[in-house]
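Breakdown of the fold
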Amino acid sequence: YQYCCHSVEDFGYDSLLIFIYQWGVYTKSAFESIVGVNINTKPAKSTNNNVIEQLVNKYKELILLINTSFPNDDKFEFEIRNSLIKTINNTSSINSLVIYQLCKYCDNFFKGKTNLLYSIFEENGLIVFKSINNKHDFINFYKKDLSKRLLLLNQKFKFENEQKFINSLIKVVGENDDILSLTIMFKDLTDSKDIYKLLITVPTTNCALLNNSFEFNPLILDKKQWPNIPNNDDLQEFK
């Protein structure tokens, strides 16, 4: 790197451009090896369930390398981001794989199946989300999983982190109909609880709803905003 930086004054030739180009080739190859692309750029069948973690770890590893070896040169960081974007959106099959894996990554976190701190989860998720060209597809899949999480976990679910993450997604894509429908789902749950609280305060005789042994949590949902209202089969699978 130092040799290339001084090549203009020493030899009258800017070899740094070639160095940066080769850096881009190297970083793209590193990401492609994770998602299963061979030398002919054809996607290979992969059973890898840690695609998101591996992509993010490699991304952070490369960022750390340029911060220590090539400081104050944004071109190297641009090549890393560009390589990740090109890899994720290389083919429809790779794109679908990454979207599926990112949804699974989010689902596992919000179900409490990982020990990640929220700040780390958010950082990792956004690194990949920002690199996906068809963010609309991810949001639609995410919405289906969110529907199950909100309804099946219900009272046991802590909404704060999920709402924080959705707000972070909004900062990336802006306020559009797809992303705002996610916020409506939260509003439906909040409104349902408020309405139910009013109902049970009404004086009633012989009402099963007032029996402490009977658990009843009615929900009023806007059907067009809830893509996947779970049934009993979903409940068993979710457990």
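Quick note: structure is the one above.
Residues numbered from 1 in each chain as written. Predicted model: local features only at pLDDT ≥ 70, side-chain atom pairs only at ≥ 80, totals over all residues. Heavy atoms only, no water.

Attention now moves to the environment of serine 147. Tracing the sequence through the fold places serine 147 in helix α8 (residues 135-153). Given a relative accessible area of 0%, serine 147 falls into the buried group. A sequence separation of 38 residues divides serine 147 from methionine 185, and the C-alpha atoms of the two residues are 7.8 Å apart. (Helix = DSSP H or I, 4+ residues; strand = E, 2+ residues; numbered from the N terminus. Buried < 20%, exposed > 50% of the residue type's maximum accessible area, 1.4 Å probe, protein only.)

Here helix α9 (residues 159-173) spans 21 Å end to end across 15 residues, near enough to the 21 Å set by a 1.5 Å rise per residue. All of the buried residues along α9 are Phe159, Glu162, Phe165, Ile166, Ser168, Leu169 and Ile170. After α9 finishes, the residue glycine 174 shows a positive phi value of roughly 85°. (Expected span 1.5 Å × (residues − 1).)

So, about the nonpolar core. Within the largest apolar cluster, 50 residues are counted, with the highest numbers of intra-cluster contacts made by Leu102, Phe138, Tyr142 and Phe165. Looking at this core, the elements with two or more residues in it are α3 (16-35), α4 (51-69), α5 (74-88), α6 (92-110), α7 (118-129), α8, α9 and α10 (177-200). The greatest single-element share of this core, amounting to nine residues, is contributed by α6. In this structure tyrosine 142 touches Cys103, Cys106, Phe110, Arg149, Glu162, Phe165, Ile166 and Leu182, once residues within four positions along its chain are discounted. (Core = buried A, V, L, I, M, F, W, Y, C linked by side-chain atoms within 4.5 Å. Contact = heavy atoms within 4.5 Å.)

Next up on the list: the environment of phenylalanine 70. Note on placement: phenylalanine 70 falls in the loop between α4 and α5. A relative accessible area of 10% means that phenylalanine 70 is categorised as buried. Remark: the alpha-carbon pair of phenylalanine 70 and glutamine 2, spanning 68 residues in sequence, is separated by 9.1 Å.

Close approach of charged atoms lets side chains of opposite charge pair. Inspection of every chain in the model, using the stated rule, returns seven salt bridges. The salt bridge involving lysine 111 is made with aspartate 107; its shortest N-O contact spans 2.9 Å. For arginine 149, the salt bridge goes to glutamate 162, with nearest N and O atoms at 2.7 Å. In this pair, arginine 149 is assigned in helix α8 and glutamate 162 in helix α9, connecting sequence segments 13 residues apart. Linked through salt bridges whose partners overlap, the residues forming this network are Asp107, Lys111, Arg149 and Glu162. (Salt bridge = Lys/Arg side-chain N within 4 Å of Asp/Glu carboxyl O.)

Together, Tyr3, Phe11, Tyr13 and Ile18 make up a nonpolar patch on the protein surface, roughly 500 Å² of accessible area in all. When you line up the elements, tyrosine 3 lands in helix α1 (residues 2-5). Look at tyrosine 3 and you get exposed, because its relative accessible area is 58%. (Patch = residues over 30% accessible without salt bridge, like charges linked within 9 Å, V, L, I, M, F, W, Y side chains within 5 Å. Areas by Shrake-Rupley, 256 points an atom, 1.4 Å probe, with all protein chains shown as cover.)

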